[in-house]
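# Inside the fold
Chain residues, written in single-letter form:
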Amino acid sequence: MASVTLEHVKKIYDKKVVAVHDFNLQIKDKEFVVFVGPSGCGKSTTLRMVAGLEDISEGTLKIGDRVVNDVEPKDRDIAMVFQNYALYPHISVYENMAFPLRLRKMDKEEIHRRVTQAAEILGITEYLGRKPKALSGGQRQRVAIGRAIVREPQVFLMDEPLSNLDAKLRNQMRAEIILLRKRIDTTFIYVTHDQTEAMTLGDRIVIMKDGFIQQVGTPQEVFDTPKNLFVAGFIGAPQMNFLKAKLIKNGQGYAVQVQGITVPLEEKHNAILAKKGVGEMDVVLGVRPEHTTVRFGNKENAIESTITVNEMMGSELHLHVSTAAWDSVILRLPTVDLDETTRSSLSYGNKLYFNFPGKVMHLFDPNTEESLLYNKD
């Protein structure tokens, strides 16, 4: 097992297109780190540099204490699982899994031990004699993971391994990867564009945009304290609502004025703003849909809105509403306690009132897009 260190790593194509900018990250031994971001953000390019499939234009890459910038992929002691499985169609599952070990000229008994052990871990023992074309997508992905496991590498690299699977199978495979990680206990670097995968799998998440790291933190940290507007909008589903508002001084503390209501901030946020010397200013207010409170018929200290879309999600409703100031705000409303009369009132064109407490608000500078409440300490 090993740590992975990237120091000022940069990737430049054709001496002019910068795909990854000054990437700095220390991945601890046995840590599961997820690179996440939209298409083209540089996450797969970074993973391929770790694998040795892309040259590093600038900077230093270490696996353990060894600098591997110029080390061939086969000598880096890593194993990679690709999005498209990359299985040999003409040989059996057993032979696909055994292939990298045969290249090493490993003893037949040791090859058999590793292949059967990996197959047992992944629940594919009964498929060892089949060829890949006789397997489902999920089974093929297990084989691809098994082929990586048998190598017993220091670092596992996974490049969007679940993106070709349907939603139900993705959920199942996510759970299996979590269990697999507990059983083999090694270092994982996992790339995905799916923030749900990132939140459920990673010890830490590296959120990227346009080749830059936006924020690194635990799933809870990036959800609770996003560093900027991009992170706030990317993490969470449905995405955070962003509203124009005014930050004002309120006695010894601060409050936010937003469409006719005033919401005081809690003490810890007052302390952060005071320490930064923030004065009264226009802000972008962020509120997650699940942190809003619907007030049926109660207008007191609440924002009036009109329902435009009602999405039935089973255990909850996603209500899209418009207000005098904003075209679209999303509210999440649990259905478990809703009676039929209330449900029937949540239709297009009907009025609704909502508000939110100060402790759930996120505040961003409209010019820099940085969070006013992000505290490095």
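Our structure is the block above this text.
Conventions and cut-offs
- Counting starts from 1 at the beginning of each chain's written sequence and moves along it residue by residue.
- Predicted model: local features are reported for residues with pLDDT of at least 70 only, side-chain atom pairs are reported and counted for 80 or more only, and whole-chain, interface and lining totals are derived from all residues.
- The side-chain quantities take in all heavy atoms of the structure and omit both hydrogens and water.
- Centres within 6.5 Å make a pair out of two Phe, Tyr or Trp rings, where for Trp the six-membered ring is used; the pair is then stacked when the planes are under 30 degrees apart, edge-to-face when over 60, and tilted otherwise.
- To sit over a ring, a charge needs its Lys NZ or Arg CZ within 6 Å of the ring centre and within 35 degrees of the ring normal.
- By salt bridge we mean one thing: a side-chain nitrogen of Lys or Arg within 4 Å of a carboxyl oxygen of Asp or Glu.
- Burial status follows relative accessibility: with a 1.4 Å probe on protein chains alone, a residue under 20% of its type maximum counts as buried, one over 50% as exposed, and anything between as partly exposed.
- As used in this record, nonpolar core signifies buried Ala, Val, Leu, Ile, Met, Phe, Trp, Tyr and Cys residues forming a set joined through side-chain atoms within 4.5 Å.
- Note on contacts: a residue pair qualifies if any of its non-hydrogen atoms lie within 4.5 Å across the two residues.
- Paired strands are those between which DSSP finds at least two bridges.
- Counting from the N terminus, the helices are the DSSP runs of H or I reaching at least four residues and the strands are the DSSP runs of E reaching at least two.
- Only the stretch in contact is used when a helix axis is fitted, and all axes are lines through C-alpha atoms; the angle between N-to-C directions ranges over 0 to 180 degrees.
- Note on angle classes: values under 35 degrees are labelled roughly parallel, values over 145 roughly antiparallel, values of 65 to 115 roughly perpendicular, and the remainder oblique.
- Put simply, a crossing is left-handed when the front helix is turned counterclockwise from the back one by less than a right angle, and right-handed when it is turned clockwise.
- Put simply, Ala, Val, Leu, Ile, Met, Phe, Trp, Tyr, Cys and Pro go in the nonpolar bin, Asp, Glu, Lys and Arg in the charged bin, and everything else, Gly too, in the polar bin.
- Using a grid of 1 Å spacing that covers the protein atoms alone, one calls a set of points a cavity when a 1.4 Å probe fits there but cannot get out, and a pocket when the set is open and has protein on both sides within 12 Å along at least five of seven lines; lining residues are those with an atom within 4 Å of a point.
- Grid points are joined across faces, edges and corners, and a volume is the space filled by probe spheres set on the points.
- Domains are outlined according to an automatic or database domain assignment.

## Digging into the packing of aromatic side chains
- Taken as a whole, this structure holds 7 aromatic pairs when the rule is applied.
- The rings of Phe32, Phe156, Phe188 and Tyr190 are connected pair by pair, giving a single aromatic cluster.
- Above the ring of Phe223, the side-chain terminus of Arg288 is found at 4.0 Å from the ring centroid.

## Brief notes about the pattern of salt bridges
- Counted by the stated rule, this structure contains 17 salt bridges.
- Ionic pairing is found between Asp75 and Lys74, a salt bridge with its closest N-O pair at 3.3 Å.
- A relative accessible area of 65% places Lys74 in the exposed class.
- With its nearest N and O atoms 3.1 Å apart, the salt bridge here joins Arg102 to Glu95.
- Take Glu95: its relative accessible area is 29%, and that puts it in the partly exposed class.
- What you see here is one network of salt bridges that share partners, running through Glu110, Arg113, Arg114 and Glu152.

## Overview of the nonpolar core
- Core analysis: the largest hydrophobic core is formed by 49 residues, its most contacted members being Met97, Val115, Ile145, Ile149, Tyr190 and Ile207.
- Setting aside chain neighbours within four positions, we find Val115 in contact with Tyr94, Met97, Ala98, Leu128 and Val150.

## Re the pairing of strand β18 (residues 329–334)
- Both strand β17 (residues 316–322) and β18 contribute to a ladder of 6 bridges, which runs antiparallel. By the bridge assignment for β18, Val321 is matched with Val329.
- Connecting β17 to the next strand, β18, in antiparallel fashion are 6 residues.

## Considerations on the pairing of strand β19 (residues 351–355)
- The element β19 is largely enclosed, with a buried count of 4 among its 5 residues.
- Inspection of the sheet shows strand β15 (residues 293–295) paired to β19 by 3 bridges, in the antiparallel sense. Bridge assignment links Val294 to a residue of β19, and that residue is Phe354.
- In this sheet, β19 lies alongside strand β16 (residues 303–312) in antiparallel orientation, the contact comprising 4 bridges. Within the sheet, the bridge partner assigned to Glu304 lies in β19 and is Tyr353.

## Things to note about the packing of helix α4 (residues 137–149) against helix α5 (residues 167–184)
- Taken N-terminus to C-terminus, the directions of α4 and α5 make an angle of 20°; their axes are 11 Å apart at the nearest point. Comparing their axes, α5 and α4 come out roughly parallel. The element α4 and its partner α5 pack so that their crossing is right-handed. Each of Gly138, Gln141, Arg142, Ile145 and Ile149 in α4 lies in contact with α5, whose residues at this interface are Leu169, Gln172, Met173, Glu176, Leu180 and Ile184.
- When the residues that make up the contact of α4 with α5 are grouped by side-chain class, the tally is 6 nonpolar, 3 polar and 2 charged.

## Topic: the environment of Ile124
- Mapped onto the elements, Ile124 comes out in the loop between α3 (108–122) and α4.
- When the C-alpha atoms of Ile124 and Ile213 are compared, they prove to be 38 Å apart, with 89 residues separating the residues in sequence.
- The contacts of Ile124, once residues within four sequence positions are left out, are Met97, Ala119, Arg142 and Val143.

## Here we look at the layout of surface pockets
- Roughly 530 Å³ of internal volume is contained in the largest pocket.
- Surrounding the largest pocket, 18 residues form its lining, Met80, Phe82, Pro100, Arg147 and Arg151 being those nearest its centre.
- Listed by contribution, the elements that provide at least two residues to the lining of the largest pocket are β6 (78–81), α2 (93–103) and α4.
- For the lining of the largest pocket, the class distribution of residues is 14 nonpolar, no polar and 4 charged.
- In this structure, the second largest pocket occupies an estimated 300 Å³ of space.
- Looking at the second largest pocket, it is lined by 18 residues, and the ones nearest its centre are Asp224, Thr225, Lys268, His269 and His362.
- For the lining of the second largest pocket, the elements supplying multiple residues, two or more each, are α7 (219–224) and α9 (267–276).
- For the lining of the second largest pocket, the class distribution of residues is 7 nonpolar, 6 polar and 5 charged.
- Split by domain, the lining of the second largest pocket shows at least three residues from each of two domains, domain 1 (4–233) and domain 2 (239–288 + 358–377).

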